[in-house]
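Coordinate analysis (summary)
Next come the chains, spelled out residue by residue.
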Amino acid sequence: MRLFIVFLIGCALHAADPLLYVGTSGKGIYAFRLQAKSGKLSALGLAGETSNPTFLLANPNHRVLYAVNENGTSQQMGSVSAFSIDSQTGKLTLLNWASSRGGAPCQIALDRTARWLAVANSEGGNIAILPLLADGKIGNAVFYAPTGGHPTSVAFAPDNKVLLAADRGLDRIFAWRFDDSTGAIVPNNPFVTYGKTGAGLRSIVFHPSGRAVYALDEIDSTVTVFAFEAESGRLRQAQVAQTLPQYVANNSPASMSLNADASRLYVTNRGHESIFVFAIDPRSLMLTPGGDAPTLGATPRGFAIDPAGDYLVVANQDSGSLATFKINPPTGELTPAGKIVTSVPKPVSALFVEQ
């Protein structure tokens, strides 16, 4: 009986340690397990082979992982792959893949019903809507819309009625009305919101309240805050905040993400080699600088916050390393935790999956 209880406790502790998947600009996706008590990452090896899986996303039940295959410049090269997740071993099994209908797909977004994927095709100059089947597999694209530039980010509004796409080539945000019963998109009115010309509008993320959109500008090293009107789909610029404590030449922000309660926004800086934290005012949703921390590696790209909100892991692409940081709950500040992992070639994104 005593051995049985010890076994159950061991299983519970193991289950509490989440899986971390790391996408690369290489041959596959790597898996790790985060030790919740120490912040140590235990390597599980190459979880699944697939070409250039630079952005990862999991469905809400955490049983299927989706990855863009950022390949080529023609409309026949880019794709999105679906994998089933083995929660015990971390291994990924390919379910299928589907054309993204464009070249160099760089981001995907899942709608609120988890039945549709939107994909931004940077070199294809378009976005596409792909259906998700009951078994997690991806169907062929059902809707397709050109932007005329280089779209690099897509985001569904929290009410699921609007889809936005950030276009890095045009410094514009495009808006479509979205029908989650069919996956159909039609241009919103207004259709286009103009960012600052030459700012390098790279990615967008909705505040979960649906009242604000945060847009990352990679040339200007800024985050632009837009007030969002759900009824009309209109965006109105409300704030521009720097992602650096001071000016740094040749800096280029790469990725941003909110923490679970949307009280903080984190941004990685390539060049300054840091991750910057903003506090978010709960009423106005505006940003206040909260400091930065060195990422302990070269060219920080994507990062992930563990499900408990205790740790943040950042992927340093050019040093081939993962750095783990402990999050200070009151301030959001980061302090190094655990050992730096140097066993991942060209890591560019990170995703935690709950057990």
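Reference entry: report on the structure contained in this document. (Residues numbered from 1 in each chain as written. Predicted model: local features only at pLDDT ≥ 70, side-chain atom pairs only at ≥ 80, totals over all residues. Heavy atoms only, no water.)

Tallying secondary structure elements over the protein gives 1 helix and 28 strands in all. Computed over C-alpha atoms, the radius of gyration of the protein comes to 19 Å, within 12% of the 20 Å expected from 2.2 N^0.38 for 355 residues, which places it in the range of a compact globule. Structurally, the protein occupies a C-alpha span of about 65 × 45 × 35 Å along its principal axes. Within the span of the protein, comprising 355 residues, buried residues form 54% of the whole. (Helix = DSSP H or I, 4+ residues; strand = E, 2+ residues; numbered from the N terminus. Rg over C-alpha atoms; globule rule 2.2 N^0.38 Å. Buried < 20%, exposed > 50% of the residue type's maximum accessible area, 1.4 Å probe, protein only.)

With that out of the way, let us pick up the pairing of strand β23 (residues 287-294). Where strand β22 (residues 274-280) lies against β23, 6 bridges are found, and the strand directions are antiparallel. By the bridge assignment, F278 is partnered in β23 with P289. (Pairing = 2+ DSSP bridges.)

Further remarks concern the packing of aromatic side chains. In total, this model carries 6 aromatic pairs according to the counting rule given. For the pair W176 and F191, a centre-to-centre distance of 5.4 Å together with 75 degrees between the ring planes defines the contact as edge-to-face. Of this pair, W176 sits in strand β14 (residues 172-179) while F191 sits in strand β15 (residues 184-194); the two residues are 15 residues apart in sequence, bridging distant segments of the chain. A residue is classified by how much of its surface remains accessible, and W176, at 2% relative accessible area, is buried. Among the aromatic residues, those joined into a cluster by ring pairs are F174, W176 and F191. Taking the ring centre of Y311 as reference, the NZ or CZ of K326 above it sits at 4.7 Å. (Phe/Tyr/Trp six-rings, centres within 6.5 Å; stacked < 30°, edge-to-face > 60°. Lys NZ or Arg CZ within 6 Å of the ring centre and 35° of its normal.)

This paragraph deals with the sheet that holds strand β3 (residues 41-49). The strand order β3-β2-β1-β28 describes an open sheet built from 4 strands, whose pairing is antiparallel. Each having just a single partner strand, β3 and β28 (347-353) make up the two edges of the open sheet. Neighbour-to-neighbour, the strand axes of the sheet open up by a mean angle of 25 degrees, direction not taken into account. Sheet analysis places strand β1 (residues 19-24) next to β28, joined by 6 bridges and oriented antiparallel. Residue pairing for β28: Y21 is matched across the bridge by L351. (Axes fitted to C-alpha atoms, helices over the stretch in contact; angles between N-to-C directions.)

This brings us to the pattern of salt bridges. Within this structure, the stated rule accounts for 4 salt bridges. The salt bridge involving R202 is made with E218; its shortest N-O contact spans 3.3 Å. Of this pair, R202 sits in strand β16 (residues 201-206) while E218 sits in the loop between β17 (212-217) and β18 (222-229), placing them 16 residues apart in sequence. By relative accessible area, which is 17% here, R202 ends up buried. The class for E218 is buried, based on a relative accessible area of 12%. Its salt-bridge partner being E218, residue R270 comes within 2.9 Å of it at the nearest N-O pair. Taken as a pair, R270 in strand β21 (residues 264-270) and E218 in the loop between β17 and β18 lie far apart in primary sequence, 52 residues in all. You'll find R270 and E218 in the same group, each marked buried. Counted as one network, the salt bridges with shared partners bring together R168, R202, E218 and R270. (Salt bridge = Lys/Arg side-chain N within 4 Å of Asp/Glu carboxyl O.)

Omega for the bond connecting N189 with P190 falls within 30 degrees of zero, at 10 degrees, which places this linkage in the cis form. Secondary-structure assignment places P190 in strand β15. Unlike most non-glycine residues, A262 shows phi in positive territory, near 55 degrees. For A262, the position within the fold is in the loop between β20 (252-258) and β21. A residue is classified by how much of its surface remains accessible, and A262, at 6% relative accessible area, is buried.

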